[in-house]
Amino acid sequence: MTAETPVQTTDRSRLLELIKELAVVHERVTLSSGVEADYYIDLRRITLHHEASVLVGRVMLQMLDDAGIAFEAAGGLTMGADPVGTAVMHAAAQAGRPIDAFVVRKTQKTHGMGRQVEGPDVAGRGVVVLEDTSTTGGSALTAVEGVRRAGGDVRAVAVIVDRSTGSKERIESEAGVPYLFAFGKDELGLA
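From a predicted model like this one, the values you see are computed outputs, not experimental measurements.

Right, let's get into the overall build of the protein. Scanning the protein from N- to C-terminus turns up six helices and 10 strands. Counting only C-alpha atoms, the protein reaches 45 × 40 × 30 Å along its principal axes. Taken across its 191 residues, the protein has 49% of its residues classed as buried. Surface accessibility of the protein: about 9,000 Å² in total, with carbon and sulfur atoms responsible for 52%.

Turning our eyes to something else, we now look at the pairing of strand E10 (residues 179-184). Within E10, five of the six residues are buried, which leaves it mostly tucked inside the rest of the structure. For the crossover from strand E9 (residues 153-162) across helix H6 (residues 167-175) to E10, the handedness is right-handed.

Turning our eyes to something else, we now look at the layout of surface pockets. Taken as a whole, the largest pocket encloses approximately 480 Å³ of empty space. Among the secondary structure elements, those contributing two or more residues to the lining of the largest pocket are strand E4 (40-41), strand E8 (126-134) and helix H5 (138-149). When residues of the lining of the largest pocket are assigned to their parent elements, the largest contribution, four residues, is made by E8. Considered class by class, the residues forming the lining of the largest pocket number six nonpolar, 11 polar and six charged.

Attention shifts here to the environment of Ala 156. Note on placement: Ala 156 falls in strand E9. Owing to a relative accessible area of 0%, Ala 156 belongs among the buried residues under this scheme. Along the chain, Ala 156 and Glu 169 lie 13 residues apart, while their C-alpha atoms are 13 Å from each other. Here Ala 156 is in contact with Ile 69, Val 127, Val 128, Val 129, Val 177 and Pro 178, once residues within four sequence places are set aside.

Moving on, we get to helix H4 (residues 82-94). With 13 residues, H4 extends 19 Å from end C-alpha to end C-alpha; this agrees with the ideal 18 Å at 1.5 Å per step. Buried residues of H4: Pro 83, Val 84, Gly 85, Ala 87, Val 88, Ala 91 and Ala 92, and no others. Those residues of H4 that are buried are in contact with helix H2 (44-47), helix H3 (52-66), strand E5 (73-77), strand E6 (100-104), E8 and E9. One or two steps after H4, the chain reaches Gly 96, where phi turns positive at roughly 75 degrees.

Thresholds applied
- Residues numbered from 1 in each chain as written.
- Predicted model: local features only at pLDDT ≥ 70, side-chain atom pairs only at ≥ 80, totals over all residues.
- Heavy atoms only, no water.
- Helix = DSSP H or I, 4+ residues; strand = E, 2+ residues; numbered from the N terminus.
- Buried < 20%, exposed > 50% of the residue type's maximum accessible area, 1.4 Å probe, protein only.
- Areas by Shrake-Rupley, 256 points an atom, 1.4 Å probe, with all protein chains shown as cover.
- Right-handed = clockwise from strand over helix to strand, strands pointing away.
- 1 Å grid on protein atoms, 1.4 Å probe; cavity = no way out; pocket = protein on both sides within 12 Å on 5 of 7 lines; lining within 4 Å.
- Points joined across faces, edges and corners; volume = space filled by probe spheres on them.
- Nonpolar A, V, L, I, M, F, W, Y, C, P; charged D, E, K, R; others polar.
- Contact = heavy atoms within 4.5 Å.
- Expected span 1.5 Å × (residues − 1).

Spelled out as structure tokens, the structure:
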């Protein structure tokens, strides 16, 4: 792990403030996994926000660099991962690095080119599967499977917020790749 620069610390701190302010909703909800929770972390309020999306790209790219993950493309299951992949692509471009984004459909198309992974080809390339947040790891695992079928070399799964509900253990066990997260739910003040 390398020491963070003041700019990286500021990016991370500001992104955490924005997540707490804009994305954490305190009410009883049923998550896409079917699990009920007393709060909802709506990270689309962050990944699609004019200030926060820039920070998402820089924080996620720095986290992956600090972990030593080398990759050429980043993306995940549509729709939660789409703006995260785009943010990482733009942050990399600003740093002079050629990292592409991609989108994984839930199922392979039955028409056109019949692709499940859209965007620049991932075949033979090192990729990171992204997600905004994860409860069971199901979306990320669907994306990993689709990318591998398309010939991509999945190097890691990375999320903005980990809910501490077993995703890390499931993904590392089933996909056999590291699971990284920028923030834990404890950092958001959630029990």
